[in-house]
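Given next are the chains, with one letter for each unit.
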Amino acid sequence: MTEVMEKDGLETARPDTEAVSQIVIENVWKVFGRDPKRVLGKNYRNLSKDEVQEKTGCIIGMRNINLEIKKGEFYILMGLSGSGKSTLIRNLIRLVNPTSGTIKVNGKNLTTMSHEQLLDFRRNNFGMVFQHYGLLPHLTVLDNAAYGLKVKGIPKGERYAKAMTTLETVGLKGWEDYYPGSLSGGMQQRVGLARALANDPEILLMDEPFSGLDPLIRRQMQDELVELQDKLQKTIVFVTHDLHEALKLGDRIAILRNGEVVQIGTPEEIVTQPADDYVQEFVRDASPAKVLTAGSIMEPAKELLYAWEGPKTALTLLNSKKRRAAFVVNKAHELLGVTGIKDLEKLLASEVKHRTIPASAIRKVTSVLPDTILEDLFPIVSQNQYPIPVVDEKNRLQGVVTTDQIFESISPPEEDEAAAEAETETETKAKAKAKSDEGGLV
Amino acid sequence: MINFPDLVTIPLAAWIDAAMSWLLRNMDGFFEVIGFIILQVVLGFEGLFLFVPWFIWIPLIGLAGWKLVGRWRTGLMFMIMLFLIGAFGYWEMAMLTLSLVIASVFFSLLIGIPFGILMARNDRAESILKPILDGMQTMPSFVYLIPALMFFGMGKVPAMFATIIYAVPPVIRLTNVGIRTVDVEAVEASKAFGATSRQVLFDVQLPLAKPSIMVGINQTTMMALAMVVIGSMIGARGLGMEVLLAINRIEVGRGFEAGMTIVFLAIIIDRITYSFSERNKKDLR
């Protein structure tokens, strides 16, 4: 019931919201064809893509795109082919020049830069990974990885040393003297990644990097990328048409259609609140277990025992509520574990008197962080008889997730139910709003 | 039948003649310099080819056939062919022809590859050059002999001039195609890392276009060989001259020997230059 409120709470808690915007895209248009500027005039500006194509012969690649990508963010551009996502990522380093609008990176306007400035900017700020790898087949893996450094004019010894380090990072140690042609697709893409990382760029642009790989390798590469990103904390702009990939990797996702941004949101928002039918269609097959987090479905713990209240109070409380066990927290609201009626009775039967519930009477339980996805809760549920406690980084209890809640939230709603649910959801929202207002008053 | 009206005439021939005579009168020094350079290069190759004796040439080409084309039988075949050329008594003639061909190819590449690059990088240049190249290739090869003769008189230089013009289109065309068909992402990757257009050209486009350029070189060489033979009509000494003499004197046997010699040269040159393009393709795979 309090889902909405909690989500809002979580969002403000996201560490990257305070981060500075690194890439700002404002009112960017890209029109392909003869004399593209005229399409931006008021005669054609508001016509649909097809109408414009019929009347002017021009093709709208991107229509009035506005995006803000934060430092350290893993940002996904998603859409079907022809949606403008590849054009957009190329715009970010002006491999394709926008017809109008501005693109700012670190506060510098790329659209007004001279050619020399632009080359310099590309060398120092960006690394790019391509769908078909874009490797140079006549160079060895090492020379390929060192290519960006070579362009920069870094001497041979130094660039090879750096390239070797990045090759090691992507797991290609020992392959440096091979030619790309003798490597598998996954390994070639690792070379592509190593080449992009060798420059140590702030921003990594990835244009469908894993689309050409078979599913097993793709998943493995995704996992490794997540791991790598944990370590490196780059700003990543990642183009994909694969929803699962987007949900798995992205901090935020922008969905494009016909050159327009349809929705921007976190994976969870995209799946749970699709902006329109198009997005709805996109996310239909998405498993909520992969996007919903423990934090989003947890409820406040119904009964809590406070360690400092002592075993007797605890026992009385459990008995009066007809519960067999409950979580125990200390004064800082840190989770200590779980204790049951039997534990407490045993404790009271013994000679020693306790003023607080001692550690010996508390059993350890597995807890999870709020951003754990439901899929990762399954193994815990299967070996655990208690609800799963959700704690923050400082081990403070935030709420609990029960098995019922998990299954309820991942079971696909039936058609009729969905409609009914939508109704109740608006109600819930209204209620939640009322509640938060009340909260404000208190 | 109604005749085309006599009143409508475009005196193109007269204009061209006028232009030519203007060029001859005013650009005399220019053509002298060009002719001098061409002559020095061809004489250099002649000197080299005639300086190296036959007993070094034959095993050398045999080795090239074995190592470059890939089979020892090809090497053996090359050696037999060269031996036959010597046995026909055409060794010196063959070397003269070969030096003309190689010198012409040298100039063709010097002109053709930059033009090919220009064409690949500039759409307007392509749209201008393409019909010119088409025209050059469909023009009967004899036609080139006329201006060549007018600019440079008789001898090796006009023959080479005509050969260069005749042989240059394939290498321009295939350089252009080669660069244009280079993997788009490889070029984009290079640009994405901030490469200057020169870096893109030398790091990516030319190396990846190499197989295509090599095919161009192969075709240019074969066309040069064909044209050099025709060039003998304006006084370039070589195998073509022998064929011409044989025709004039109706000496079938002599003509056949000279003809075979040309064929042998063609086969050897073709196989060796073709092997370069194949080898590059393998590297790039």
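Look above for the structure.
Keep in mind the model is a prediction, meaning the values are calculated, not measured.

**Some details on the overall build of chain B**
Point 1. Counting secondary structure elements, chain B contains 12 helices and 0 strands.
Point 2. In sequence order, chain B lays out its α and β elements as α-α-α-α-α-α-α-α-α-α-α-α.
Point 3. Seen along its three principal axes, the alpha-carbon backbone of chain B occupies a region of about 65 × 65 × 50 Å.
Point 4. Looking at chain B as a whole, 47% of its 285 residues qualify as buried.

**Focus on the packing of helix H1 (residues 12–26) of chain B against helix H7 (residues 141–152) of chain B**
All names here are of chain B.
Point 1. Direction vectors running N to C along H1 and H7 enclose 30°, while the axes themselves pass 10 Å from each other. Relative to H7, the element H1 lies roughly parallel. In terms of crossing hand, the pair formed by H1 and H7 is right-handed. Across the interface between the two elements, Met20, Leu23 and Leu24 of H1 pack against Pro147, Met150 and Phe151 of H7.
Point 2. Residue classes in the contact of H1 with H7 are distributed as 6 nonpolar, no polar and no charged.

**As for the interface of chain A and chain B**
Point 1. With 25 residues of chain A in contact, the opposing surface of chain B contributes 20 residues.
Point 2. Interface area for chain A against chain B, summed over the two sides, is near 1,900 Å², with a carbon-plus-sulfur share of 59%.
Point 3. Ranking the residues of chain A by area buried against chain B places Pro137(A), His138(A) and Tyr147(A) at the top, with a combined share of 26%.
Point 4. Where chain A packs against chain B, one counts 2 salt bridges.
Point 5. Here Arg90(A) ties to Glu188(B) by a salt bridge, and the two come within 2.6 Å at their closest N and O atoms.
Point 6. Broken down by secondary-structure element, the contributors of at least two residues to the side of chain A that touches chain B are helix H4 (115–125), strand S6 (126–129), helix H6 (147–152) and helix H8 (185–198) of chain A.
Point 7. Considering every element that reaches the side of chain A that touches chain B, the biggest residue donor is H6(A), with 4 residues.

**Digging into the pattern of salt bridges**
Point 1. Counted according to the given criterion, the structure contains 26 salt bridges over all chains.
Point 2. Notably, a salt bridge pairs Arg123(A) with Asp120(A), separated by 3.5 Å at the nearest N-O pair. Here the residue Arg123(A) and the residue Asp120(A) both occupy positions in helix H4, the gap between them amounting to 3 residues, near one helical turn.
Point 3. You can call Asp120(A) partly exposed: its relative accessible area is 40%.
Point 4. A single salt-bridge network, built from bridges that share partners, covers Asp123(B), Glu126(B), Lys130(B) and Arg180(B).

**What to know about the pairing of strand S1 (residues 21–32) of chain A**
Point 1. By the bridge criterion, 8 bridges tie S1(A) to strand S2 (residues 59–70) of chain A in an arrangement that is antiparallel. By the bridge assignment, Ile23(A) is partnered in S2(A) with Ile69(A).

**Focus: a nonpolar patch on the surface**
Residues and elements named next belong to chain B.
Point 1. Taken together, Leu63, Trp66, Trp72, Leu76 and Ile80 make up a surface patch of nonpolar side chains, about 550 Å² in accessible area.
Point 2. Of all the elements in the fold, those that place two or more residues in the nonpolar patch are helix H3 (54–69) and helix H4 (72–88).
Point 3. It is H4 that contributes the most residues to the nonpolar patch, 3 residues altogether.
Point 4. By secondary structure assignment, the location of isoleucine 80 is in helix H4.
Point 5. The exposure class of isoleucine 80 is partly exposed, given its relative accessible area of 47%.

Basis of the calculations
- Residues numbered from 1 in each chain as written.
- Chains lettered and ligands numbered in written order.
- Predicted model: local features only at pLDDT ≥ 70, side-chain atom pairs only at ≥ 80, totals over all residues.
- Heavy atoms only, no water.
- Helix = DSSP H or I, 4+ residues; strand = E, 2+ residues; numbered from the N terminus.
- Buried < 20%, exposed > 50% of the residue type's maximum accessible area, 1.4 Å probe, protein only.
- Axes fitted to C-alpha atoms, helices over the stretch in contact; angles between N-to-C directions.
- Parallel < 35°, antiparallel > 145°, perpendicular 65-115°, else oblique.
- Left-handed = near helix turned anticlockwise from the far one by under 90°.
- Contact = heavy atoms within 4.5 Å.
- Nonpolar A, V, L, I, M, F, W, Y, C, P; charged D, E, K, R; others polar.
- Buried area = accessible area lost by both parts, 1.4 Å probe.
- Salt bridge = Lys/Arg side-chain N within 4 Å of Asp/Glu carboxyl O.
- Pairing = 2+ DSSP bridges.
- Patch = residues over 30% accessible without salt bridge, like charges linked within 9 Å, V, L, I, M, F, W, Y side chains within 5 Å.
- Areas by Shrake-Rupley, 256 points an atom, 1.4 Å probe, with all protein chains shown as cover.

Any functional reading would require information that these geometric values do not contain.
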